[in-house]
Number of protein chains: 2
Amino acid sequence: MKKRERKVDWLKGEGPQANIVLISRIRLARNLEKIPFPHRAGKEDLKKIILLTKEAISKEELLNDFYFLDLEKISDLEQQVLIEEHFISPIFAQQKIKRIIYINPSGNLSIMINEEDHLRMQTLMSGLQLEEAWELIDKVDDSLEKYLDFAFHDKWGFLTTCPTNVGTGMRASIMLHLPALVLTNLMPKIIPTIVQLGLAVRGLYGEGTETQGNLFQISNQISLGLSEKDILTKIIEIASQIIEQEQNARLNLKKGVSIQLYDRIQRSFGIMRHARMITSIEALELLSMLRLGVDLKILPGIPLKALNELFILIKPASLQKFFKEELDPLQRDIKRADIIREKISKY
Amino acid sequence: MKKRERKVDWLKGEGPQANIVLISRIRLARNLEKIPFPHRAGKEDLKKIILLTKEAISKEELLNDFYFLDLEKISDLEQQVLIEEHFISPIFAQQKIKRIIYINPSGNLSIMINEEDHLRMQTLMSGLQLEEAWELIDKVDDSLEKYLDFAFHDKWGFLTTCPTNVGTGMRASIMLHLPALVLTNLMPKIIPTIVQLGLAVRGLYGEGTETQGNLFQISNQISLGLSEKDILTKIIEIASQIIEQEQNARLNLKKGVSIQLYDRIQRSFGIMRHARMITSIEALELLSMLRLGVDLKILPGIPLKALNELFILIKPASLQKFFKEELDPLQRDIKRADIIREKISKY
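Residues numbered from 1 in each chain as written. Chains lettered and ligands numbered in written order. Predicted model: local features only at pLDDT ≥ 70, side-chain atom pairs only at ≥ 80, totals over all residues. Heavy atoms only, no water.

Caption draft 1: Representation of the sheet that holds strand S2 (residues 67-70) of chain B. All names here are of chain B. A sheet is described by the order of its strands in space; here 8 strands give the open sequence S2-S3-S4-S5-S1-S8-S10-S9, paired in antiparallel fashion. The sheet is open, and its two borders are formed by S2 and strand S9 (199-202), each paired with just one other strand. On average, each strand axis in the sheet is inclined to that of its neighbour by 20°, with strand direction left out of account. Contacts from helix H1 (residues 43-59) reach S2, strand S3 (100-103), strand S4 (109-113) and strand S5 (119-126) within the one sheet, and its direction differs from that of S4 by about 155°. Most of the contacts of helix H6 (residues 187-196) go to S9, to which it runs at about 140°, and overall it touches S9 and strand S10 (215-220). (Pairing = 2+ DSSP bridges. Helix = DSSP H or I, 4+ residues; strand = E, 2+ residues; numbered from the N terminus. Axes fitted to C-alpha atoms, helices over the stretch in contact; angles between N-to-C directions. Contact = heavy atoms within 4.5 Å.)

Caption draft 2: Just the environment of Glu-145 of chain A, in detail. Residues and elements named next belong to chain A. Locating Glu-145 in the fold gives a position in helix H4 (residues 130-145). Residues Glu-145 and Leu-32 lie 113 residues apart in sequence; the distance between their C-alpha atoms is 10.0 Å. Residues contacting Glu-145, with those up to four places away along its chain left out, are Phe-150 and Phe-158.

Caption draft 3: Structural view of the sheet that holds strand S8 (residues 170-177) of chain A. All names here are of chain A. Spatially, S2-S3-S4-S5-S1-S8-S10-S9 is the arrangement adopted by the 8 strands of the open sheet, whose pairing is antiparallel. The open sheet has two edge strands with one neighbour each: strand S2 (67-70) and strand S9 (199-202). Across the sheet, the mean angle from the axis of one strand to that of its neighbour is 20°, orientation sign disregarded. Alignment of strand S3 (residues 100-103) against strand S4 (residues 109-113), held across 4 bridges, turns out to be antiparallel. In the strand pairing of S4, Ile-101 is matched with Met-112. Contacting S9 and strand S10 (215-220), helix H6 (residues 187-196) runs over the sheet at an angle of about 140° to S9.

Caption draft 4: Structural context of the packing of aromatic side chains. Residue and element names in this part refer to chain A. In this structure the tally under the stated criterion is 8 aromatic pairs over all chains. With a centroid separation of 5.6 Å and 50° between ring planes, the pair formed by Phe-68 and Tyr-102 is classed as tilted. Of this pair, Phe-68 sits in strand S2 while Tyr-102 sits in strand S3, and the two are 34 residues apart along the sequence. The ring centre of Phe-158 lies 3.5 Å from the NZ or CZ of Arg-30, which sits over that ring. (Phe/Tyr/Trp six-rings, centres within 6.5 Å; stacked < 30°, edge-to-face > 60°. Lys NZ or Arg CZ within 6 Å of the ring centre and 35° of its normal.)

Caption draft 5: H6 of chain A, seen in detail. Residue and element names in this part refer to chain A. Within H6, burial applies to Met-187, Ile-190 and Ile-194. When H6 is viewed along its axis, its buried side chains cluster within an angular range of 65° and face the same direction. Opposite the buried face of H6, at more than 90 degrees from it, the exposed residues are Pro-188, Lys-189 and Gln-196. Residues of H6 that are buried make contact with helix H5 (179-183), S9, S10 and helix H7 (228-255). (Buried < 20%, exposed > 50% of the residue type's maximum accessible area, 1.4 Å probe, protein only. Arc of directions from axis to C-beta.)

Caption draft 6: Region of interest: the interface of chain B and chain A. Tallying the contact residues gives 18 residues for chain B and 18 residues for chain A. Taking both sides of the interface into account, the surface hidden between chain B and chain A amounts to around 1,700 Å²; carbon and sulfur atoms contribute 60%. Contact with chain A buries surface across chain B, with Arg-267, His-274 and Arg-276 of chain B losing the most and accounting together for 38% of the total. Our count for the chain B to chain A interface comes out at 2 salt bridges. Residue Glu-282 of chain A pairs with Arg-267 of chain B through a salt bridge whose shortest N-O separation is 2.8 Å. In this assembly, chain B and chain A are joined by 10 residue pairs in polar contact (both at pLDDT 80 or more). (Buried area = accessible area lost by both parts, 1.4 Å probe. Salt bridge = Lys/Arg side-chain N within 4 Å of Asp/Glu carboxyl O. Polar contact = N/O pair within 3.5 Å; in protein donor to acceptor, adjacent residues only side chain to side chain.)

Caption draft 7: Just the domain arrangement of chain A, in detail. All names here are of chain A. Domain boundaries assigned for chain A yield domain 1 (9-247) and domain 2 (259-344). Its C-alpha centre places domain 1 at a distance of 27 Å from the equivalent point of domain 2. Both faces considered, domain 1 and domain 2 share a buried interface measuring about 2,000 Å² in area, 66% of it formed by carbon and sulfur atoms. Its largest share of buried area at the contact with domain 2, domain 1 owes to Leu-11, Glu-84 and Leu-183, together 26% of the area lost on that side. Our count for the contact surface shared by domain 1 and domain 2 stands at 1 salt bridge. (Domains from an automatic or database assignment.)

Caption draft 8: Structural context of the nonpolar core. In this structure, Ile-111 and Leu-144 of chain A together with Ile-111 and Leu-144 of chain B are the most contacted members of the largest nonpolar core, which totals 215 residues. Non-local contacts of Ile-111 of chain B, meaning those with residues more than four positions away in its chain, are made with Ile-57, Phe-66, Ile-100, Ile-101, Tyr-102, Leu-119, Arg-120, Met-121, Val-140 and Leu-144 of chain B. (Core = buried A, V, L, I, M, F, W, Y, C linked by side-chain atoms within 4.5 Å.)

Caption draft 9: Summary view of the packing of helix H2 (residues 76-84) of chain B against helix H11 (residues 316-323) of chain B. Residues and elements named next belong to chain B. Closest axis-to-axis distance for the H2/H11 pair is 7 Å, and the angle between their directions is 125°. The orientation of H2 relative to H11 falls into the category oblique. Every pair of crossing elements has a handedness; the one defined by H2 and H11 is left-handed. The segment H2 lies against H11, with Leu-77, Glu-78, Gln-80, Val-81 and Glu-84 engaging Pro-316, Ala-317, Ser-318, Gln-320 and Lys-321. (Parallel < 35°, antiparallel > 145°, perpendicular 65-115°, else oblique. Left-handed = near helix turned anticlockwise from the far one by under 90°.)

Caption draft 10: Structural detail: the relation of the copies chain B and chain A. Once chain B has been moved 0.1 Å along the axis and rotated by 179°, it coincides with chain A to within an RMSD of 0.1 Å. On the angle and the small slide along the axis, the relation comes out as a two-fold axis. For chain B, the smallest separation between a C-alpha atom and the rotation axis is recorded for Gly-270 of chain B, amounting to 2.3 Å. The fraction of interface residues of chain B whose copies in chain A are also interface residues reaches 100%, indicating that both copies meet through the same surface. (Least-squares fit on C-alpha atoms with pLDDT ≥ 70 in both.)

Spelled out as structure tokens, the structure:
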């Protein structure tokens, strides 16, 4: 198992519509036959799941360069960083014992062992790439299936701990940056429509989290009774409409950038260049305005990649990892302002 | 009568304690014998006052280089500029007919004819210079007295329209910038003490105006029963105490500039360098923080004179005069941000 600088593929800021879509993500929930679900499994069961998966991964060419991290062996801070990078879920970090995460070298694939289900594999990509993400995760799934006996019911499909995942075991989501729709006050109309169409709208870290920095996560609610392709088609269709609305809203903003918006974007830039303490919530709002400013050509010359990097760096755990020290909230606000000033002052 | 670029002496930002005292001002109210007070005077009376004063001024060497502005002949905008420069009062600009203002070339002396009283002469100086201001205005008073018969009562002193001015006819005031006392929450304790000692505390444009930008005007309430020297001694004594308190508060801030204050000053600087619209109230607050930042050596290299110039330029009428066009409030906010950016980006 290799220890290296971890790559986070979705931070590249490339891919179609990367100016609006931050992340395309698909995860599949799988469980092994004849072993209890993790919340009912004993230590030996959990060990067995790890061993079986390890064997499968090592045998497959597609998977054998994955490295793994044992949650019992890494610090709480490192676990928080993994959450911020969207490699693991907050619930996974709470359990710790006999919990393993596999990540591929390019940082677009990961497999959590013993989260809510025995295996949760996911792809994370930059921009609108749900189909590409599906192709990739589907291959991973097929590869593992050669060696692992996944619990599957002819009528119900893949069996999972939570009934909402039964069927395909798939959750597909995209993370959208929608500042123009927020600024033009259209989100309160759009969100109920998305929900009516059977999708969920959430904040940055999934279920139950508030939207911050004009970021919205859209995902499928149910995975039963529909094929994977059906689910993806639906999400892509709805996402495309939202993206188009955001593009139109930005076009309208661009046609005659109101002085109010121009001022707000420039002030955000000024604050990022000068402030000496910035909370993570304010940083997300500032970054959102900068991202919009770049897209509207008000602030040209700042690459999306730099903004995405900051998007991670400003988060509490990633910030502490970067500065290689434990920081209390006030110290974090100061260091956050430092790193933002440093990264932004180049432009 | 010469027409020229008007000098405003107090903007120099020089003089003792100019980092705290923006303006020292003394005005004397005088009325001519046997002519009704302005609010009861007919047009012929007002004319007569103007003529008599004109004659006196032209005869005196100290005064004969004064130029005058006829309020009937200058635009409303120009009148507003004169108010912003503290040369005339808002009430004076409202009356207009047969109202004249004399100003000396160096811009530290002015005489309003037919304001509330027949003559209101004033000195405006930069920094704590009440004694110097008194010496100067006293000479002007003596000079005019040679030719003009001022209404004077042996028991009451100089007679004035408003009873609060009877006696010396003098009002002395200083404009103080007290950000450290405001930041350390001491002003709510200090203001009642000043009032108890018989002085008035007001905002930027005198009576009834709110304090903005941490600016406080302190002046004598009564002019009866005290000599000019007594009044001045009292104001200087109290002012010196307030100045000392402000200095101490700044010293304490300087000893360990809190990250919160450092952040606030730097943010103000960043906003001034980047914002695209700024209201006059916000501009005053930003300038106040910059002024403090310069004094605390957080933002060295910005001369007080530049900040004082902005202090006038940001005001609605002076701003329009500078850009030589009529501007609605939104346009003013935009142009205000423009001029602030331009002046501040040098540093």
